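# Report on the structure
So you can see what is in the structure, the chains are spelled out below.
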Amino acid sequence: MDQPTERTIIVRVREGLHARPATRFVKLAKSFASDVEIEKSGKSASAKSSVKLMLLSVMENDEVILRVKGEDEAEALESLSNYLQDPNAGLDEDEGHAAVQQTPSAPAQQDSQFSATSLKGIAASEGVGLGPVFGYFPEEIVADNLKISGAGIAAEAKKLETAIAAVRHNMQASIDEKSLSPAERGIIQALSEIAADDAMLDDMFAAISSGQSALSAVLATSARTAEDFSKMADPYLKARADDVRAVGRQIALSLLNKKDTDLSKVPAGAILVADDVGAFELTRAPLKKIAGIICARGSVTSHIAIIARSHSVPAVLGLGDATKTLIDAKLVGLDGKSGEVVVDPDQAIQAEFAKRKAAAQSEHEALKVYKAFQPTRADGTVIEVAANIGSPDEITAALDAGAMGVGLFRTELLFMQQKELPSEEVQFEIYARVAKAFKPHSVIVRTLDIGGDKPVAGIEFPHEENPFLGWRGVRMCLDRPDVFKPQLRALLRAAVAGNIKVMVPMIVDAAELRAVKELIKTCAQELAAEGKPYEEFALGVMIETPAAVMVADDLAKEASFFSIGTNDLTQYVMAADRLNPRLAKLNDVTHPAVMRAIALTAEAGTKAGIMVGMCGEAAGRVDLIPRFIAMGLTELSMSPSMIPRAKEKLAQMNAVMR
Ligand code: PEP
Ligand code: MG
């Protein structure tokens, strides 16, 4: 018998075979007549089933065996191998997954006004809602456990086929008719594909052939597949369990000729309370009009959360059994930033909700006017309000917030997410993508800032008593050119795509900076010899050690710019571990010692005529911004969510400055 043609491949698809990349891979596999199978760690799955493929959990850099058997196997093997080796495979249309990655900001640190009476769930979509409950608790569908045989088997199979076709038709109609956002369209499309998944359908029809009714076959297959997803470690894949259950329920309802409560009937101003809501059902609700969503299940990466966020509906998910206490409530309040839910709030709490809601709404609206605002000093110098980001997933949020470039791209995440050191190529693509997105603004990439407190595959850190005072940041990088050079080469190459600047963390003197420059020179020479295009970039330093403050004059002669890292500068000046909650009081950027260190840095940089910016948390503190500007800082970089308020502050000051 003919053996399948096979090839061992290291998968380079950056997103792994998740979501869109998996669906597109399946589509490609289906375009060939041959059978296609993928094996990972001894487990294999048909490449023509996105459900089975996702359950294999194939990630970037995983080794897989691709097996192809059939009339067009050579062509199929070539084409599918190329797909698996393309880092960008499936990315351009991957709006659904991109949305999944956007987790909301951390819950607010505000003190709860409701703590005595409130329940706490997962803060999934920011905003405050108060309104009557619209309960959505569809009846449980149970298997009929009928035994079938003979002609009954063909009849049940036919019933199942009709039910699946009806569900897919409804989903397609919803995609075509409703004014869905691209993310929602992607979600419904994905559900529709689950409803047509070869492997799931095979399992259902096999169950019918073995004597189960269509209803029992659908419920058993979807429950089993959902269970498999719920055991996955990856939060995105875990959340797909809900999708599989939702699709199974839709098919079961169709078999029974039943319909769930129509969510298009949720009255304006009501709070939707449910155990769980499928994405398909939720998109039928009048999302622009409802006041909030509370669910027993769900997480920040579940589809309910994504849809709620994309419509700015406040949502608290994962409330568990406590959701039951809401069923008979007359009124419910929720705060999607703190995760608080209050049942039948009294007048005082209602007033507090109304206040929070009005304040958040008017602030959000009002701050939009600053999106394109360019704060400018009286002498014409533009104050750059830039974003701190950790991955390209944050580009959109930063641009939407009005970021004038990136003041700190923390590259650690790229290293921490991988099972091995990210290659020069992978890094190059990411840096170039970010640079292009913010062009002509600059993107300041910080070279790898990591130490023994954050392990990275591929770098062995020694055990240290004080990792924050240890072998980290530039110290480690200079000792490990095999780690540092690929990053510098990637940055030199990416600088062709946009306005890349580079800064070095944990610097203590000019000699360290000179050593970095030497290495950059070597990298540039190598690239020139290899005929690879590159561009030289401005090289700056982070000022975050007391030593750097003391020698700021010397550093200013060698560096193109300074960026003050107040998070570390505060801990080192105050000798107070920034992670130790007992020392939180000492970690105070407004302490005169720290403020003086910032002022000295600003003075040295300004005297030398180089840009002085700040990228520590303090840069976004509106109470301190006037002091920083007065010291001569011309760039403030912060998390995107802080940008609108910072710009507003600068606009208010602008009048004073002119
Ligand atoms: C800082 O130290 O202020 C800084 C911006 O860097 P990180 O918080 O990543 O150490
Ligand atoms: Mg730091």
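Note that this is a predicted model, so its numbers are computed, not measured.

What follows deals with the pattern of salt bridges. Evaluation of the coordinates by the stated rule reveals 41 salt bridges. Residues lysine 258 and glutamate 139 are paired through a salt bridge, measuring 3.1 Å at the closest nitrogen-oxygen approach. Within this pair, whereas lysine 258 is found in the loop between α9 (235–255) and β9 (271–274), its partner glutamate 139 is found in the loop between β8 (133–136) and α5 (151–177), the two being separated by 119 residues in sequence. Residue classification places lysine 258 among the partly exposed residues on the basis of a relative accessible area of 37%. A salt bridge links arginine 621 to aspartate 623; its shortest N-O distance comes to 2.7 Å.

Take empty space enclosed by the protein next. Over the atoms a probe the size of a water molecule is rolled, and this reveals where empty space is left. Taken as a whole and judged by the stated rule, the model has two cavities of 30 Å³ or more. The space that makes up the largest cavity amounts to roughly 70 Å³. Lining the largest cavity are eleven residues, and of these Asp242, Asp243, Val277, Ala279 and Ile304 sit closest to its centre. Of all elements in the fold, only α9 and α11 (303–310) reach the threshold of two or more residues within the lining of the largest cavity. In terms of residue count, α9 provides more of the lining of the largest cavity than any other element does, four residues in total. Its residues placed into classes, the lining of the largest cavity shows five nonpolar, three polar and three charged.

Glancing now at the site of ligand 1. Taken together, the neighbourhood of ligand 1 is formed by Leu408, Arg410, Arg446, Met542, Glu544, Gly565, Thr566, Asn567, Asp568, Arg578, Cys615 and Gly616. Aspartate 568 has a polar backbone atom sitting 3.0 Å from an oxygen atom of ligand 1. Interatomic distance of 2.8 Å between a side-chain N/O atom of arginine 578 and an oxygen atom of ligand 1. Among the secondary structure elements, those contributing two or more residues to the shell around ligand 1 are β15 (406–410) and α21 (566–574). Here the element with the most residues in the shell around ligand 1 is α21; it accounts for three residues. Broken down by class, the residue content of the shell around ligand 1 amounts to three nonpolar, four polar and five charged.

Here the focus is the sheet that holds strand β7 (residues 128–131). Within the open sheet, the four strands sit side by side as β5-β13-β12-β7. Their pairing is antiparallel. Sheet topology places β5 (118–120) and β7 at the edges, where each strand pairs with a single neighbour. Sheet twist, expressed as the average angle between the axes of neighbouring strands with direction ignored, equals 15 degrees. Two elements, β7 and strand β12 (residues 332–335), share four bridges in a ladder whose sense is antiparallel. Looking at β12, one finds that valine 128 is bridged to aspartate 335.

Conventions we followed
Residues numbered from 1 in each chain as written. Chains lettered and ligands numbered in written order. Predicted model: local features only at pLDDT ≥ 70, side-chain atom pairs only at ≥ 80, totals over all residues. Heavy atoms only, no water. Salt bridge = Lys/Arg side-chain N within 4 Å of Asp/Glu carboxyl O. Helix = DSSP H or I, 4+ residues; strand = E, 2+ residues; numbered from the N terminus. Buried < 20%, exposed > 50% of the residue type's maximum accessible area, 1.4 Å probe, protein only. 1 Å grid on protein atoms, 1.4 Å probe; cavity = no way out; pocket = protein on both sides within 12 Å on 5 of 7 lines; lining within 4 Å. Points joined across faces, edges and corners; volume = space filled by probe spheres on them. Nonpolar A, V, L, I, M, F, W, Y, C, P; charged D, E, K, R; others polar. Near = heavy atom within 4 Å. Polar contact = N/O pair within 3.5 Å; in protein donor to acceptor, adjacent residues only side chain to side chain. Pairing = 2+ DSSP bridges. Axes fitted to C-alpha atoms, helices over the stretch in contact; angles between N-to-C directions.

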